[in-house]
Amino acid sequence: MSRVTIVTGGTRGIGEAISLALRDLGYTVAANYAGNDEKAKAFTDRTGIKAYKWDVGDHEACLAGCAQVAADLGPIDVIVNNAGITRDGVLARMSFDDWNEVMRINLGGCFNMAKATFGGMRERGWGRIVNIGSINGQAGQYGQVNYAAAKSGIHGFTKALAQEGAKYGVTVNAIAPGYIDTDMVAAVPPQVLEKIVARIPVGRLGQAGEIARGVAFLCSEEAGFVTGSTLSINGGQHMY
Ligand code: CAA
């Protein structure tokens, strides 16, 4: 069976790797994106995966976007809440807008996407929700009170929704990536990033495909007994 799957932020970075991994495993993937039409078109031309534009932080847009995917591809069985932004800065210099945008998109996006799809999964008795958290939601990070709070919230959201989905065959899990070689991490000042990499026992940044393989496991039929868990993929940078 080709499960219909939405990967938010699915045309670039970790999201692109997840879209490709699930497509290669036979899922029917819709890749959501919010910004760059040209890059999304190039992604579709390159991969054959349909791209859908909406802002995951916009509740109504999520409902409409998911309805469109379902009309085009069929009922949605899997969502991967990957879309996220950073607005780093120390608290003293962080504006309310920097706080709010990160909460709205990174954490609000998970709620909006679940609201749009969880009911259908429950009715059909099968579903997979994978939320992309972060090492910085587990351990905190200087200059990221907004991002760390949103990502930490994702871990709580995951455990709460997992309890609601369990008896309906809907699993809800999180992945907590460490520092992965993407545009988001490339935006960290080089002298700061150097110090971070020095604290990763494996001695390098992670690759997007290393996160995608974890997502693929959590989305699989065989992972039905795994729910409410967080898989940390961080090169040993944070263990607990
Ligand atoms: N712990 C303690 N002190 C720190 C620190 C840390 N981790 N990082 C910086 N400082 C100190 C500096 O030593 C400096 O101290 P002095 O003034 O005494 O010299 C002071 O804080 C100011 O540092 P900056 O010059 O860096 O300050 P800034 O205002 O120019 O920049 C910042 C602040 C924007 C937060 C910058 O440090 C930064 O970008 N840090 C990286 C944050 C980060 O890791 N973001 C992750 C993005 S990737 C991601 O989020 C994906 C994921 O899930 C992992």
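Okay, so let's go over this structure.

Conventions and cut-offs
- Residues numbered from 1 in each chain as written.
- Predicted model: local features only at pLDDT ≥ 70, side-chain atom pairs only at ≥ 80, totals over all residues.
- Heavy atoms only, no water.
- Axes fitted to C-alpha atoms, helices over the stretch in contact; angles between N-to-C directions.
- Helix = DSSP H or I, 4+ residues; strand = E, 2+ residues; numbered from the N terminus.
- Parallel < 35°, antiparallel > 145°, perpendicular 65-115°, else oblique.
- Left-handed = near helix turned anticlockwise from the far one by under 90°.
- Contact = heavy atoms within 4.5 Å.
- Nonpolar A, V, L, I, M, F, W, Y, C, P; charged D, E, K, R; others polar.
- Pairing = 2+ DSSP bridges.
- Expected span 1.5 Å × (residues − 1).
- Buried < 20%, exposed > 50% of the residue type's maximum accessible area, 1.4 Å probe, protein only.
- Arc of directions from axis to C-beta.
- Polar contact = N/O pair within 3.5 Å; in protein donor to acceptor, adjacent residues only side chain to side chain.

## A look at the packing of helix α3 (residues 59–73) against helix α4 (residues 96–124)
Then, in step 1: Contact pair α3 / α4: the axes reach a minimum separation of 9 Å and the direction vectors enclose 40°. With respect to their mutual orientation, α3 and α4 come out oblique. Taken as a pair, α3 and α4 cross one another with a handedness that is right-handed. Of the residues in α4, those touching α3 at H59, C62, L63 and C66 are F111, N112, M113, K115, A116 and T117.
Then, in step 2: Classifying every residue of the contact of α3 with α4 by side-chain character gives six nonpolar, three polar and one charged.

## Comments concerning the sheet that holds strand β1 (residues 4–7)
Then, in step 1: With parallel pairing, the seven strands of this open sheet are ordered in space as β3-β2-β1-β4-β5-β6-β7. The open sheet has two free edges, formed respectively by β3 (50–53) and β7 (230–233), since each of these has just one partner strand. Each strand of the sheet is rotated relative to its neighbour by a mean of 20°, with strand direction disregarded.
Then, in step 2: In this sheet, strand β6 (residues 170–177) lies alongside strand β5 (residues 127–132) in parallel orientation, the contact comprising six bridges. Bridging from a neighbouring strand, N131 pairs with A174 of β6.
Then, in step 3: Together, β2 (28–33) and β3 form the strand contacts of helix α2 (residues 37–47), whose direction differs from that of β3 by roughly 160°.
Then, in step 4: Most of the contacts of helix α6 (residues 145–165) go to β6, to which it runs at about 160°, and overall it touches β5, β6 and β7.

## Regarding the environment of D181
Then, in step 1: You can see D181 is positioned in the loop between β6 and α7 (183–186).
Then, in step 2: A C-alpha to C-alpha distance of 8.9 Å links D181 and I14, two positions 167 residues apart in sequence.
Then, in step 3: Filtering out sequence-adjacent residues up to four positions away, D181 remains in contact with L205, G206 and Q207.

## Quick notes on α3
Then, in step 1: End to end, α3 covers 21 Å across 15 residues, agreeing with the expected 21 Å (1.5 Å per residue, within 8%).
Then, in step 2: For α3, the full list of buried residues reads A61, C62, G65, C66 and V69. Along the long axis of α3, the arc covered by the buried residues comes to 125°, so they all point the same way. Looking at α3, the residues exposed on the side facing more than 90 degrees away from the buried face are E60 and A71.
Then, in step 3: The N-cap of α3, judged by a side-chain oxygen 3.1 Å from the amide nitrogen of E60 a few residues on, is D58.
Then, in step 4: Phi turns positive, to about 120°, at G74, one or two residues after α3.

## Focus on the side chain of T171
Then, in step 1: Examined against the element boundaries, T171 turns out to sit in strand β6.
Then, in step 2: Look at T171 and you get buried, because its relative accessible area is 4%.

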